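# Coordinate analysis (summary)
Chain by chain, the residues run as shown.
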Amino acid sequence: GKKLPDRRRRVPSGEPPHILRPMRWRALLVGIALLAIAVAAIVTVLGRIDVDPHRSEIAQQLSRVLGREVQIHGPLALEIGLVPSVRVEDLTLANTLGQSPAEIAKIGSLWLELDLWPLLTGEIELRDLRVRNAEILLEWNRDGQPNWPSPGGATHDEADSGDLGFALRNLEIEDLTLRLHHAASGSRRTARLDQLSLASEDGAEEIEIRAAGEFQGVDFDLSGTTGAVADLVSGKSISPIDLKGEIFDLDVEISGSVGGGKQRGDFELEVSASAPETGPIAGRLGLEAPEFGPVQGSGKLSGKAGVVGLSEISLEAGSDAETGLRVTGEIGNLLQLRSLKLDTTLRAENLREFSSIGPVEISGRVEGSREQVKVREMRVRLDETHFTGEVDGSFASDSRPHLTARLESPRIHLDDVGLAPREEDGPRISQPTADPPKREALPFEPLHRLDADVSLRADRVVGRDDLLAEEVALSLTLADGDLQLGPVSLEFEGGSFTGNARIDARPAADLVGR
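Residues numbered from 1 in each chain as written. Predicted model: local features only at pLDDT ≥ 70, side-chain atom pairs only at ≥ 80, totals over all residues. Heavy atoms only, no water.

### Overview of the overall build of the protein chain
Looking only at helices and strands, the protein chain has five helices and 25 strands in total. Within the protein chain, buried positions represent 40% of all 514 residues. Across the protein chain, the fraction of contacts at a sequence separation of at least 24, relative to all contacts at a separation of at least 6, is 48%. Taken as a whole, the protein chain presents about 28,100 Å² of accessible surface, with 52% of it coming from carbon and sulfur. (Helix = DSSP H or I, 4+ residues; strand = E, 2+ residues; numbered from the N terminus. Buried < 20%, exposed > 50% of the residue type's maximum accessible area, 1.4 Å probe, protein only. Contact = heavy atoms within 4.5 Å. Areas by Shrake-Rupley, 256 points an atom, 1.4 Å probe, with all protein chains shown as cover.)

Structure (structure tokens):
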């Protein structure tokens, strides 16, 4: 992937960067940066080069500064020179009291460089910070409160840690695992950050950023500019953010702000995405779907108290009048796919690659969640056949999917729904064979894949040219492989019919039909 220029040992030039003096250290991911400052400050106060024997004492001082227990399990080293540096290995930070797991952060290696002249006057200015092999847990309790603000630590005056200024020029993070847990919803998500690079010029108000990794199986690679690192550490809003790159085969642009206020993890971002075709995206999702052509979309991505939502959604796919997809609306909880409110329209003139069904247009309002989906105001057009109605779907992880549908149609053409051959298919001629046809088991396995409850009413049912039936009504239920069709009622020229049928494909059950 692309790498930013290596500025780690560039001699600073120009006016010295602004020094931010926070009154109290409370945030924790920000925690990585705060921890680096605290390590440098305490080691400087001790004034020793061989500080490894004093790891326990230093860990206690860090615990006071950060307001949570810090343990240093690996070596600790201080190197004095024109560019002083501190290296810490195998570091853990305790989670909020009473929460599980016990650690909010585990850091395999933390290395930082400092500016010498400010250090001689008791100020701390970081040149570079590198973090390797880290794991961070971000949690929100049932009240939406995060676990990273400090539960109570000393101010820098109480910690006697000197003047803790902050001016980070370069940050590098590699191999970071970020775990997100939202107690109110029970959601657990994992992000892997292969690389995060921040680089800024001396005195610059913005920094260059590159981030690459994976979130819930979706890979990303973004780069651009964002606000000053000092704003991140102090809890101010980071703005503006301007990023471009790729997410899941989509070209993406992101702009907005992060942080500020009481909830430092809150954000407001404008997102737009596009791709030249939908096929590769469907393939990566394991879906068989028609190719719609170019796709582009936009929306407002926001996060508050650990809940990520996507509003003002506008998605369009397709390049002509024959095939297209349009979605508008909002998703209240994007990570859990809950609070769906989407208006959807799908049209395709030819689906013969996937079925015998011809021109299709489907529209409706999708509501609910990933577990419970409702489609209201549904309209389906299959060439000259039209349906209206509603569909409910239940997709709980501990049971079979269940579909409930109530459908009505003024007229059903059997060839539109694939139940009669089209003229262009030509006549079907059976060829005689010397061998009798091979007997094969009926495909009952699909009857076990879902449960269903469907009712259909149609004013008329038409074949190729002729009216076949009127006032058609049928119901269908499917439960654990037991398919019951009926009652079925219809009228035709000269009479009427009422009946039912049943196929019981449950284990050790006989086939029953009547």
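Continuing now.
### Some thoughts on helix H2 (residues 55-66)
Its twelve residues give H2 an end-to-end C-alpha distance of 16 Å, which sits within 8% of 16 Å, the value for a rise of 1.5 Å per residue. Backbone geometry just downstream of H2 places Gly67 in the positive-phi region, at approximately 75 degrees. (Expected span 1.5 Å × (residues − 1).)

### Section: unusual backbone geometry
The residue after Gly486, namely Pro487, is reached through a cis peptide bond having omega 5 degrees. Phi is positive for Asn133, which is not a glycine, with a value near 55 degrees. Within the fold, Asn133 resides in strand S5 (residues 126-140). At Asp249, a residue that is not glycine, the phi angle is positive and equals roughly 65 degrees. Take Asp249: it is sitting in the loop between strand S10 (238-247) and strand S11 (250-258).

### Some points on the environment of Ala479
Tracing the sequence through the fold places Ala479 in strand S23 (residues 467-479). Counting along the chain gives 27 residues from Ala479 to Arg506, while the straight-line C-alpha distance between them is 9.4 Å. When neighbours within four sequence positions are excluded, Ala479 is seen to be in contact with Arg400 and Asp451.

### Notes on the pattern of salt bridges
Counted according to the given criterion, the structure contains 23 salt bridges. Asp221 serves as the salt-bridge partner of Arg210, at 2.8 Å between the closest nitrogen and oxygen. Taken together, the residues Arg210 in strand S8 (residues 206-215) and Asp221 in strand S9 (residues 218-227) connect sequence positions eleven residues apart. Arg210 gets classed as buried once you look at its relative accessible area, which sits at 5%. (Salt bridge = Lys/Arg side-chain N within 4 Å of Asp/Glu carboxyl O.)

### Section: the pairing of strand S20 (residues 402-409)
Bridge count between strand S19 (residues 385-394) and S20: seven bridges; the pairing is antiparallel. Pairing of Gly389 across the sheet is with Leu407, part of S20. Here S20 runs beside strand S22 (residues 451-462); their pairing, made up of eight bridges, is parallel. Each residue of the ladder has a partner; that of Ala405, found in S22, is Val454. (Pairing = 2+ DSSP bridges.)

### Thoughts on the nonpolar core
If you look at the biggest cluster of nonpolar residues, it comprises 68 residues, and the most contacted ones within it are Ile72, Val86, Leu91, Leu93, Leu112 and Leu196. Core analysis: the next-biggest nonpolar cluster, separate from the first, contains six residues, Ala275, Ile281, Phe292 and Val295 among them. (Core = buried A, V, L, I, M, F, W, Y, C linked by side-chain atoms within 4.5 Å.)

### A look at the environment of Asn95
The topology assignment puts Asn95 in the loop between strand S3 (85-94) and strand S4 (103-114). By relative accessible area, Asn95 is classed as buried at 7%. In this structure, the C-alpha to C-alpha distance between Asn95 and Arg68, residues 27 residues apart in sequence, is 7.4 Å. A distance of 3.0 Å separates polar atoms of two side chains, one belonging to Asn95 and the other to Glu139. (Polar contact = N/O pair within 3.5 Å; in protein donor to acceptor, adjacent residues only side chain to side chain.)

### Observations concerning the pairing of strand S25 (residues 495-504)
Looking at chain direction, strand S24 (residues 482-492) and S25 are connected through nine bridges and run antiparallel. Paired with Leu490 across the strands is Phe497, a residue of S25. Linking S24 to S25, which pair antiparallel, is a turn of two residues; within it Gly494 sits at a positive phi near 95 degrees.

### Concerning the side chain of Gln195
Relative to the assigned elements, Gln195 resides in strand S7 (residues 187-199). Only 2.6 Å separates the side chain of Gln195 from the side chain of Arg210, close enough to count as a polar contact.

### A word on the packing of aromatic side chains
Here the structure, examined in full by the defined rule, presents zero aromatic pairs. A cation sits over an aromatic face here: Arg130 above Trp111, 3.8 Å from the ring centre. (Phe/Tyr/Trp six-rings, centres within 6.5 Å; stacked < 30°, edge-to-face > 60°. Lys NZ or Arg CZ within 6 Å of the ring centre and 35° of its normal.)

### Digging into a negative patch on the surface
On the surface, a cluster of negative charge is made up of Glu408, Asp459, Glu470, Glu471 and Glu491. By the secondary structure assignment, Glu470 is in strand S23. Overall, the relative accessible area of 36% leaves Glu470 in the partly exposed class. (Patch = residues over 30% accessible without salt bridge, like charges linked within 9 Å, V, L, I, M, F, W, Y side chains within 5 Å. Lys, Arg positive; Asp, Glu negative; His and termini not counted. Charge placed at Lys NZ, Arg CZ, Asp CG, Glu CD.)

### Some words on the confidence of the model for the protein chain
Overall, the predicted model of the protein chain reaches an average pLDDT of 77, with 71% of residues at or above 70. For residues 1-30, every residue scores under 50 in pLDDT, and the model assigns this stretch 83 contacts once sequence neighbours within four places are set aside. Across residues 509-514 the pLDDT falls below 50, and counting only partners more than four positions away or on other chains, this stretch makes ten contacts in the model. (pLDDT = per-residue confidence, 0-100.)

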